[in-house]
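This is what each chain is made of:
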Amino acid sequence: MKSHTLRTAAAATVTLLAATALAGPPATARDQSPHADLRADVNQDGRVDVTGASDEAGEDAWRPGRGAVFLANVDDDSRRCRMRPGDLDRPDPAVDTRLAACNDAADERVNGPRDTADLAPLRIPPTAVGDTATGHVEVPAAQRPYVRLFVKRDGKLRVLHGPLTARELRAGVELALEGRDIVRDPRRWNGEVDVTLTVRGGDGRTASDAVDRVRLKVAPVLFQNDLQRAQSVFAAKPGPDGDAIPGPGGGGNGHKPREWRPFASSLREAARAAGLTSRDVTFTAGTKQWWRDIWRQDMVEPTVASVPAPGGRVHTMRVMLRTPMRWTAPEGGKTTLSRSARLLFRDFRGPDVGVVQQFTPGREPNGLDLQNATGNFESLPPYAGHPQGRVLYGTDPQRQPDTSFVKMIEAQGRQPSLTIDTSWLLVGHVDETVHVVRADNERGWTLAVADPRQAMELLRRTQRAGEGGQRMFAATTLPDKPTVDELLDDDGFHADNEKAARHIDSQIRVLLKETGLHRSELVRVPVLYAMATVRPDIPKGAVALSPSIANGLSLTSRDYAAPDPHGPRLRGRDLFRAATEKALAGGGVRVHWVENFAWAHRAGGEVHCATNALRDTSGARRWWSTT
């Protein structure tokens, strides 16, 4: 937006021609009208063109494929953000506020060379100006809380205060823009920033000002998807001194080393079979406080923000979205965010990894606040009309997800939300019934869905073969192991599973309509359900009686770590295992069985609930070039 007025330009031309005709030599720089030229990486090639015109056209607007972008600089490249002793345990909401407030954008420094890469370059090419000219680089007042401008002086990037001098304008100026936050509420800020350069000639006349403006857009934080290879997997281990870690809500099944070891060893083996190394699988514990839980999936949703880099590369930053789950502490009754998620600040925040938390202040938890666990927030891979995929989460009329957290997700503008009803489930998470898996179809993926009708038929098949007297879950720690006959003779058990099947039918109808998948493309896996409750303040709901095979972890698009179902056996084969392996093999997916019955299943979760992964997103479509 080169903005000399026509009158000023014409007057300058007449003056120059007259001077040339009457005085001979051309005018010097100090006699020229001011000129403003601010450049950004408008053509999205990872560099700013200061000699050509490739970054000029359309610089004052933003559209996919044309427009500069920048990162929210929420990581900690110099590892200056430290936790204080007791931060993991202290039942004080101020701890959560303080921990989240520290990141590279929270100070006015560039925190080392690595931090420089997180800033968006801006350039002012060398400009002929008069001796009294000044340059003013500004952002509208409403946008200033979200960005910071740096200028290179004496070889260092420093916060820009005050005007640029005529000497700097003549030499050319190197600037950088730092994003201070992601988009959280588009009514407050839509993620766009207008940076304006005004060059004033120094004679006090407004008509002598020259103006140029560029518009930039902050990178959205985008969910990973299960087709992307896991680069690292993380899970919990027993607390210090082998103390038990309680199940949901502090009650239920505790966890001890003898229950963890089979889970850990089988998960490591599954990871090795998928090509990960032992260093790629980590197990961490917090303190021995009662609230320490094992549900790594429920404390964070990993996302990625990315911008173009030179040479066709992409510069990325992982942004860990902390769960908006709220807990009321028994010590003093204060309500905080889930304290187990404070481990994110200890174990993950650092170079190229930031942590963001978003929740509704003052919202008191409804029961265990389970709807706000991030195991209830998953994603669908890209498909027609949705080049970045979609966010999928479960809803419940009585336990709605935090509106502020959902608004932040939707404000990213690239992964429209899709919801299914999970109100009938005790925990109420989408990962309990559906999971994205690879498929040999047009889009390359489909959904594995829990199928209680299939599970019931496999029980009947066992009974017809004369094996109805065998005990279910025989090799597990379950104290009361029902026989196949006992389950099939229970009318309530039949009713519970048919009710669960009808609810899953309703979920499937929504998913098929929204994704365009055909019913025949779905992968059905056997899961038995039963009605249960854990606390008086939580309504009774369905839980997986047999470990839910749909609630597993994709290690690669072809490797699936599933909870061992301990199903009925015929001729030495687990029928639930065999049905699953056959169904997934149709899409080229191998199943690796993980022993999680004592560690996770009896406490209300499975492999997916107890693990999480950081995935390779390098093959994702570049958000800035797609609609």
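Remember, it's a predicted structure, so these values are computed and weren't measured experimentally. (Residues numbered from 1 in each chain as written. Predicted model: local features only at pLDDT ≥ 70, side-chain atom pairs only at ≥ 80, totals over all residues. Heavy atoms only, no water.)

J.: Explain the sheet that holds strand 16 (residues 353–357) to me, please; I cannot follow it from the model alone.
T.: Consider a sheet: its strands pair through backbone hydrogen bonds, and that pairing is either parallel or antiparallel. Strand order in the open sheet made by the four strands is 9-12-13-16, with mixed pairing throughout. Two strands in the sheet have a free side with no partner beyond their single neighbour: strand 9 (222–223) and strand 16. Both strand 12 (residues 300–308) and strand 13 (residues 314–322) contribute to a ladder of nine bridges, which runs antiparallel. Bridge assignment links valine 300 to a residue of strand 13, and that residue is arginine 322. (Pairing = 2+ DSSP bridges. Helix = DSSP H or I, 4+ residues; strand = E, 2+ residues; numbered from the N terminus.)

J.: Is there a simple way to explain the pattern of salt bridges in this structure?
T.: Oppositely charged side chains are able to pair whenever their charged atoms sit close together. One pass over the full model with this rule turns up 37 salt bridges. When the shortest N-O distance is used, the salt bridge between arginine 90 and aspartate 87 registers 3.1 Å. Classification of arginine 90 as partly exposed rests on a relative accessible area of 34%. Through salt bridges with shared partners, one network takes in Glu192, Asp194, Arg215 and Lys217. (Salt bridge = Lys/Arg side-chain N within 4 Å of Asp/Glu carboxyl O. Buried < 20%, exposed > 50% of the residue type's maximum accessible area, 1.4 Å probe, protein only.)

J.: I tried to follow the sheet that holds strand 25 (residues 553–556) on my own but got confused; where do I start?
T.: The strand order across the open sheet formed by three strands is 25-26-29, and the pairing between neighbours is mixed. The open sheet has two edge strands, strand 25 and strand 29 (590–594), and neither has a second partner. Between one strand axis and the next, the sheet turns through 30 degrees on average, direction left out of account. Of the pairings in the sheet, the one linking strand 25 to strand 26 (residues 559–563) comprises three bridges and is antiparallel in character. Paired with serine 554 across the bridge in strand 26 is tyrosine 560. Helix 5 (residues 257–273) rests against strand 25, strand 26 and strand 29 of the sheet, and its axis sits at about 160 degrees to strand 29. (Axes fitted to C-alpha atoms, helices over the stretch in contact; angles between N-to-C directions. Contact = heavy atoms within 4.5 Å.)

J.: Could you clarify how one ought to interpret the side chain of threonine 476 in this entry?
T.: Turning to its location among the elements, threonine 476 is positioned in the loop between helix 8 (452–464) and helix 9 (484–488). In this structure, threonine 476 is in contact with Lys481, His566 and Phe597, ignoring residues within four places of it in sequence.

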